[in-house]
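Okay, here's what each chain looks like letter by letter:
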Amino acid sequence: MAAAAVALLLGTPTIAEAQEGGADQAERSECDRFIEAYLRSSARKVHRALGRGDYNLSPVDLDDVFQISAKATEGSQSLEFETFREHDGRVVGVADRSREWVKTYIIAHAQFGPIVISQTWQPRHLRDAGQACEPIYSNVEWPPLPGSTVDIEPFDFWGVRVVWRVPWPESAKSTEQSAEEVLKQLLQENQDGDGESAQ
């Protein structure tokens, strides 16, 4: 009860926010469900911040569930991701369905192309062992730019801090790459075999 009250005060999502999503929610851990709730809340905060500029957001072209075969993954197996849409799909949260990959993503599509923000969590085995279920790093992954780290505390202002790191529309370099193509590139360039050293 106290934790829920603190979460409400800090603007972080509660576990109850994740109850509606996915047929397999009952089989997932409390932390797995919290990750979805946190992603949805993060996507709303990004939309609120980007929506005030001239980014001209359009729906992100990603399937509800999709696979990416990243050469960096162990055994070159595909990763299966699920998409959590907010604001008519103009901003989405993306997470590995197994929650093994330590990075989750918030993706928007501006007039110059995809914007990808990552949140890095504790590795799965540490979360299952009782480590805190919360993101420990956040970065603007795309467009590529120096100084991309986004402070994740306090969470209420996280979306505003994201916008401080995203290029202004008039100065951003346009790309024809889709959100899926950018995400695949990021996985191949920045992740190791189990995703556990990603920062």
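As shown above, the structure is provided for reference.
Residues numbered from 1 in each chain as written. Predicted model: local features only at pLDDT ≥ 70, side-chain atom pairs only at ≥ 80, totals over all residues. Heavy atoms only, no water.

Topic: helix H4 (residues 158-165)
Residues Trp158, Gly159, Arg161, Val162 and Val163 constitute the buried set of H4. Where H4 is buried, its residues touch helix H2 (30-50), strand S4 (103-110), strand S5 (113-121) and strand S6 (135-142). (Buried < 20%, exposed > 50% of the residue type's maximum accessible area, 1.4 Å probe, protein only. Helix = DSSP H or I, 4+ residues; strand = E, 2+ residues; numbered from the N terminus. Contact = heavy atoms within 4.5 Å.)

Topic: the pattern of salt bridges
Pairing between side chains of opposite charge can happen when their charged atoms approach one another. For the structure on display, the rule yields 12 salt bridges. For glutamate 82, the salt bridge is made with arginine 99, and the minimal N-O distance between the two is 2.8 Å. In this pair, glutamate 82 sits in strand S2 (residues 78-86) while arginine 99 sits in the loop between strand S3 (91-96) and S4, placing the two residues 17 residues apart along the sequence. On the basis of relative accessible area, arginine 99 is assigned to the buried category, the value being 3%. Residues joined by salt bridges that share partners form a network here, namely Glu36, Arg40, Arg44 and Glu86. (Salt bridge = Lys/Arg side-chain N within 4 Å of Asp/Glu carboxyl O.)

Some details on the pairing of S5
Most of S5 is tucked away: nine of the nine residues are buried. Relative to S5, S4 runs antiparallel, the two sharing eight bridges. Within the sheet, the bridge partner assigned to threonine 104 lies in S5 and is glutamine 119. Taking the residues between adjacent antiparallel strands as the criterion, S4 and S5 are bridged by two residues. (Pairing = 2+ DSSP bridges.)

Digging into the state of the cysteines
Taken as a whole, this structure holds one disulfide when the rule is applied. Through a disulfide, cysteine 31 is tied to cysteine 133; the S-S separation comes to 2.0 Å. Given an S-S torsion of about 85°, the disulfide between cysteine 31 and cysteine 133 has right-handed geometry. Placement of the pair is cysteine 31 in helix H2 and cysteine 133 in the loop between helix H3 (124-128) and S6, with a sequence separation of 102 residues. Taking relative accessible area as the criterion, cysteine 31 reaches 14% and is therefore assigned buried. Look at cysteine 133 and you get partly exposed, because its relative accessible area is 22%. (Disulfide = S-S within 2.5 Å.)

Details of H2
In a regular helix each residue adds 1.5 Å, so 21 residues correspond to 30 Å; H2 covers 30 Å between its end C-alpha atoms and thus fits that length. Taking burial as the measure, the 21 residues of H2 include 17 buried ones, the bulk of the element. (Expected span 1.5 Å × (residues − 1).)

Topic: the nonpolar core
Grouped together as the largest cluster of nonpolar side chains are 30 residues, with contacts concentrated most on Val46, Leu50, Tyr55, Ile115 and Trp158. Listed by contribution, the elements that provide at least two residues to this core are H2, S3, S4, S5 and H4. Tallying contributions element by element places H2 first for this core, with nine residues. With residues up to four places along the chain from it excluded, the contact list for leucine 50 reads Tyr55, Leu57, Ala108, Ile115 and Val163. Grouped together as the second largest cluster of nonpolar side chains are 18 residues, Phe66, Tyr105, Ile107 and Leu183 included. (Core = buried A, V, L, I, M, F, W, Y, C linked by side-chain atoms within 4.5 Å.)

Remarks on the environment of phenylalanine 112
Take phenylalanine 112: it is sitting in the loop between S4 and S5. For phenylalanine 112, a relative accessible area of 3% gives the class buried. Each C-alpha atom of the pair phenylalanine 112 and glutamate 170 lies 8.9 Å from the other, and the pair is 58 residues apart in sequence. Setting aside its immediate chain neighbours within four residues, phenylalanine 112 contacts Tyr55, Pro143, Val166, Pro167, Pro169, Ala172, Lys173, Ser174 and Thr175.

Section: the packing of H2 against H4
Contact geometry of H2 with H4 gives a least axis separation of 8 Å together with a crossing angle of 55°. In terms of orientation, H2 and H4 fall into the oblique class. Taken as a pair, H2 and H4 cross one another with a handedness that is right-handed. Every residue of H4 that contacts H2 at Ser42, Lys45, Val46, Ala49 and Leu50 is listed here: Trp158, Gly159, Val160, Val162 and Val163. Of the residues assigned to the contact of H2 with H4, the class counts are seven nonpolar, two polar and one charged. (Axes fitted to C-alpha atoms, helices over the stretch in contact; angles between N-to-C directions. Parallel < 35°, antiparallel > 145°, perpendicular 65-115°, else oblique. Left-handed = near helix turned anticlockwise from the far one by under 90°. Nonpolar A, V, L, I, M, F, W, Y, C, P; charged D, E, K, R; others polar.)

Nothing here speaks to function; it is geometry throughout.
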